[in-house]
Amino acid sequence: MDNETTIGTIMNQHQDTNKGSRYITEVIIERFKAAFKPGPIPLKPFNVIIGRNGSGKSTLIEALQWLDTTIRRDAREACDRYYGLHDLINLRSRTVVPYFQLTLRWSEEEMSPPVGYRVKVEEGENGSPFIAEEELVTLQESGRTEHTYVSTESKGKRVVSPPEDMGLEIPFKEPDMLSLALAAIFHDSSSSPIDFLQSFWSSAVFLRLSPSRLALGSPATRKSFEPLLDEEGQNLPALLSELTQDQREELVNNIQGIMPDIENVEVSKAEQGRDTRVHYSLLERMPFRGRGGRSQFPIPAWMLSEGTRRIIAILALLSHAPPPSLLCIEEIENGLDPWTIISVLKHLQSAADRGTQVVLTTHSPWLLDHVELDTILHVRRAEGDTKYEQFSSRPEIQGFFPSIPPGTRYVSEG
Amino acid sequence: MRQLRIALFVEGSISPPQSRGDPALNRIWNEVLGSELNLHPFCSIVPISKKHLVAMDPRNPPMSGSQEPLDYLMARKLEIARRLKQDPFDVAVVAWDLVPAWNPEGPYCRWTETVDLYRFLAVSQVLPDIWKNQARRRLQELEGRHQPSARMSLPPLKQGMVLAVCMEPMFEALLVQDEGAVKRALQVSETPRGWPRQGWGDCRERHPDRRILMPAIAAIQSIKPRLRCVKHIRGDMRTKKDEWGEYILRRLFGDPKARASVLQHPLPARLVELLSRSEDR
């Protein structure tokens, strides 16, 4: 397939820009995990993905996370969770050299051209990932390339084009690394799409929160290449340490909307030789028997309910400045009561209004009833492939009376 | 004679059972609208969503999540009062948004939904007969009109009566009739960045909460130094919708120029028609 055409075809059908902020408007996944060739997946500032178990809901998020990890570290590490690249490539792939390909498109701020990015990853010698092609361009309204920042000269050999006044192109041949990091050295202008992509990926967050990890404590500070919060949430105490006084107050205010008796969030340090570990506690106001009046009592993380730990993690992320650029959360409803689901959902919708792109997966019809129909993506397995469709565009879903809420439509016709 | 106890089943945020203090929804309806319009007080205020009404229609599939049909909810509240030996409510006001949050694009009709409400209440399998009979009478009156606006009489405040208040397109339309009034209410002297330019006072605007109030609140939140109302209401139109609604409505009623236009809006006019304490009702 012609590379330019590939990016060029993901044109701006989804221009409901989020108050000038930038977000991924379209993703094309090819031969990655459950998805063989599902076609372009439209994304909005706020997205909820639904589908049966095993349908491929996570495939989209994992594709984005693969890119995130490869940019932060390298492709080998991004493939580690799958025990290498081999199983990551869709089973239907029958090419001589097995590969997968990811193509993304971002809308830009007003008057700026959209950004297109494509990476093709082949199975190299010994089954290791080999970045065969990479392309970063800005696009015209017509879908044609406006400016090329990264291109592929020959298999594996990529070229970073510096700004016009800097002369020579820079070759890049690291087989398991993306050229974005190198490109950023030459494009340090804040208006450059490379600078934007660097910033976008550095503050992207992917969560599959683990209640046990959320209670373990963490080093006092996160490493520079680590996300604001790691996938399982173990670095939550470090994130809480990073919050300023104002951000901490906002966090407490938001927690109180769900748990009115919580008065504060405390982070405590435990010195262990050269390693300083931090833990967090919630201060809860409760009746104190014996001396009259009320008092605050610290409740350490390991004594909090699993749902409470999840709530603190999500709200802490949203209180951080700058906030996540992209926040993907798997099965957001886990451990949350029905009222808390709605509260957390409102905070996430609010974050999307302010510029954080949110992608959630859920099995909860209750949650679906509290989002707009056109924010829902439906994932289904059909004829051995995963299909992503806008829920509201399916004829079966359009057949309901308009006042029927999304959760009911899903359960009745899913 | 005992004063009739009136319950309000109104579109609003579902609050967790343990939340502290009087919810903003109660303050909007009893303290602000109730006192400003001199309405009969509501003995209880029950948040509902349109799902409660949709669930009454047997043509529709069973609702997902937890929403029971409105008649089940009403019957349950009556039964709880009986078991707790409390006075049950005698009259129910049902106030819902015509346009649901989940799908603003549908062809919704206030008249059809109002008639359907009484149609399904009249055949309820759970409501006591007095409620079903009143609903049946009201349904006959509505269906007997040669056109929807040809009203013969107002529904009486009688035991077992359900009074329908369909808010078109939604409650927040009441707040966004006059851009200048909202600016005064929010104490904004100049137009802040991001302030919505369109939709004010436009009755065709189907989502005044998301398309007007939400960007308006976001715009004033960016003003430095922070406005008093922003310091006080710590959240936006997503997370503190009822609180902002209450704040703006109180300020509009306190502004003589804005007050007149609020009183002319169909929602307060309808509430006064149905529930005014004055003798000329």
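Residues numbered from 1 in each chain as written. Chains lettered and ligands numbered in written order. Predicted model: local features only at pLDDT ≥ 70, side-chain atom pairs only at ≥ 80, totals over all residues.

Attention now moves to the overall build of chain B. Of regular secondary structure, chain B possesses 11 helices and 4 strands. Computed over its C-alpha atoms, the radius of gyration of chain B comes to 19 Å, within 12% of the 19 Å expected for a compact globule of 281 residues. For chain B, the spread of C-alpha atoms along the principal axes amounts to about 60 × 45 × 45 Å. Taken over 281 residues, chain B has a buried fraction of 38%. Of the contacts made within chain B by residues no fewer than 6 positions apart, 68% connect residues no fewer than 24 positions apart. (Helix = DSSP H or I, 4+ residues; strand = E, 2+ residues; numbered from the N terminus. Rg over C-alpha atoms; globule rule 2.2 N^0.38 Å. Buried ≥ 20, exposed ≤ 12 C-beta atoms within 10 Å, placed from the backbone. Contact = placed C-beta atoms within 7 Å.)

Moving on to the overall build of chain A. Secondary structure summary: chain A contains 12 helices and 18 strands in total. Burial analysis of chain A (414 residues in total) assigns 48% to the buried set. Of the contacts made within chain A by residues no fewer than 6 positions apart, 60% connect residues no fewer than 24 positions apart.

Either a parallel or an antiparallel arrangement is found when strands of a sheet pair, and the pairing is made through backbone hydrogen bonds. All names here are of chain A. Taken in spatial order, the 6 strands line up as β10-β15-β16-β3-β17-β18 in an open sheet, and their pairing is mixed. On the outer flanks of this sheet lie β10 (204-207) and β18 (385-390), each paired with one strand and no other. Across the sheet, the axes of successive neighbouring strands diverge by a mean angle of 15°, strand direction being ignored. Sheet topology note: the strand β3 (residues 46-50)/strand β16 (residues 357-361) ladder contains 4 bridges and is parallel. In the strand pairing of β16, I49 is matched with T361. (Pairing = 2+ DSSP bridges. Axes fitted to C-alpha atoms, helices over the stretch in contact; angles between N-to-C directions.)

All right, on to the interface of chain B and chain A then. At the interface, 26 residues of chain B touch 28 residues of chain A. Going through the elements one at a time, α2 (50-54) and α7 (208-221) of chain B are the ones with two or more residues in the side of chain B that touches chain A. By residue number, the principal contributor to the side of chain B that touches chain A is α2 of chain B, which donates 3 residues. Looking at the side of chain B that touches chain A residue by residue, the class counts come to 11 nonpolar, 9 polar and 6 charged. (Nonpolar A, V, L, I, M, F, W, Y, C, P; charged D, E, K, R; others polar.)

Residue and element names in this part refer to chain B. What the domain assignment lists for chain B is domain 1 (6-171 + 265-275) and domain 2 (178-257). For domain 1 versus domain 2, the separation of C-alpha centres amounts to 27 Å. Across the contact, 12 residues belong to domain 1 and 12 residues belong to domain 2. (Domains from an automatic or database assignment.)

Residue and element names in this part refer to chain B. Relative to each other, helix α1 (residues 24-36) and helix α9 (residues 241-253) sit at 15°, their axes nearing to 9 Å. Relative to α9, α1 is oriented roughly parallel. The way α1 lies across α9 gives a crossing that is left-handed. Facing α1, whose interface residues are A24, L25, R27, I28, V32 and E36, α9 presents D242, E243, G245, E246, L249, R250 and F253. (Parallel < 35°, antiparallel > 145°, perpendicular 65-115°, else oblique. Left-handed = near helix turned anticlockwise from the far one by under 90°.)

Okay, the confidence of the model for chain A next. Averaged over chain A, the pLDDT score is 86; the fraction of residues at 70 or greater is 88%. Counting contacts from residues 1-19 of chain A, a segment whose pLDDT is below 50, to residues more than four positions away or on other chains yields 41 contacts. (pLDDT = per-residue confidence, 0-100.)

This brings us to the environment of E246 of chain B. Along the chain, E246 of chain B falls in helix α9. For the pair E246 of chain B and R204 of chain B, spaced 42 residues apart in the sequence, the C-alpha separation amounts to 23 Å.

Moving on: unusual backbone geometry. What you tend to see is this: most non-glycine residues have negative phi, and most peptide bonds are trans. Omega for the bond connecting A321 of chain A with P322 of chain A falls within 30 degrees of zero, at 0°, which places this linkage in the cis form. Considering the arrangement of structural elements, one finds P322 of chain A in the loop between α8 (306-319) and β15 (326-329). The residue after K224 of chain B, namely P225 of chain B, is reached through a cis peptide bond having omega -5°. Mapped onto the elements, P225 of chain B comes out in the loop between α7 and α8 (228-232). The phi dihedral of N38 of chain B falls on the positive side, at around 55°, and the residue is not glycine. Take N38 of chain B: it is sitting in the loop between α1 and β2 (42-48). Of note in this structure, K85 of chain B is not a glycine but carries a positive phi near 55°. As for its placement among the helices and strands, K85 of chain B is situated in the loop between α3 (70-83) and β3 (91-97). For K85 of chain B, a count of 6 C-beta atoms within 10 Å gives the class exposed.

All names here are of chain A. Pairing is antiparallel in the open sheet, where 8 strands are placed in the order β2-β1-β4-β5-β6-β7-β8-β9. Edge strands, defined here as strands with exactly one partner in the open sheet, are β2 (41-42) and β9 (170-172). In the sheet, strand β4 (residues 99-107) pairs with strand β5 (residues 115-123) via 8 bridges, with the strands oriented antiparallel. Looking at β5, one finds that T103 is bridged to R118. Across the face of the sheet, helix α2 (residues 57-72) comes into contact with β1 (23-30), β2 and β4 while running at roughly 100° to β1.

Further remarks concern the pairing of β3 of chain A. Along any regular strand, the residues point their side chains to alternate faces of the sheet. All names here are of chain A. Within β3, 5 of the 5 residues are buried, which leaves the element mostly enclosed by the surrounding structure. Neither face of β3 is exposed, since F46, V48 and I50 on one face and N47 and I49 on the opposite face are all buried. Inspection of the sheet shows β3 paired to strand β17 (residues 376-382) by 3 bridges, in the parallel sense. Within β17, the residue paired with V48 across the bridge is I376.

Moving on to the confidence of the model for chain B. Per-residue confidence for chain B gives a mean pLDDT of 92, with 95% of residues at or over 70. At the level of chain-chain contacts, confidence expressed as ipTM amounts to 0.88, with global pTM at 0.90.

Let us look at the nonpolar core. Residues and elements named next belong to chain A. Ranked by internal contacts, the top residues of the largest apolar core, which has 112 residues, are V27, L60, L236, A313, A316, L317 and C328. No other element matches the 8 residues that α8 contributes to this core. Three or more residues apiece are contributed to this core by two domains, here domain 1 (3-43 + 73-201) and domain 2 (207-353). Those residues in contact with L236 that sit more than four places away from it in its chain are L214, S218, L229, Y280, I312, A313 and A316. (Core = buried A, V, L, I, M, F, W, Y, C linked by C-beta atoms within 7 Å.)

Okay, helix α7 (residues 245-256) of chain A next. Residues and elements named next belong to chain A. The first and last C-alpha atoms of α7 sit 16 Å apart over 12 residues, in line with the 16 Å expected at 1.5 Å per residue. Along α7, the residues that are buried comprise L251, N254 and I255. The buried residues of α7 occupy an angular sector of 100° when projected down its axis, which confines them to one face. For α7, exposure combined with an orientation more than 90 degrees from the buried face picks out Q245 and D246. (Expected span 1.5 Å × (residues − 1). Arc of directions from axis to C-beta.)

It is worth spelling out the environment of L64 of chain A at this point. Looking at where L64 of chain A falls in the secondary structure, it is placed in helix α2. Along the primary structure L64 of chain A and L368 of chain A are separated by 304 residues, whereas in three dimensions their C-alpha atoms are 23 Å apart.

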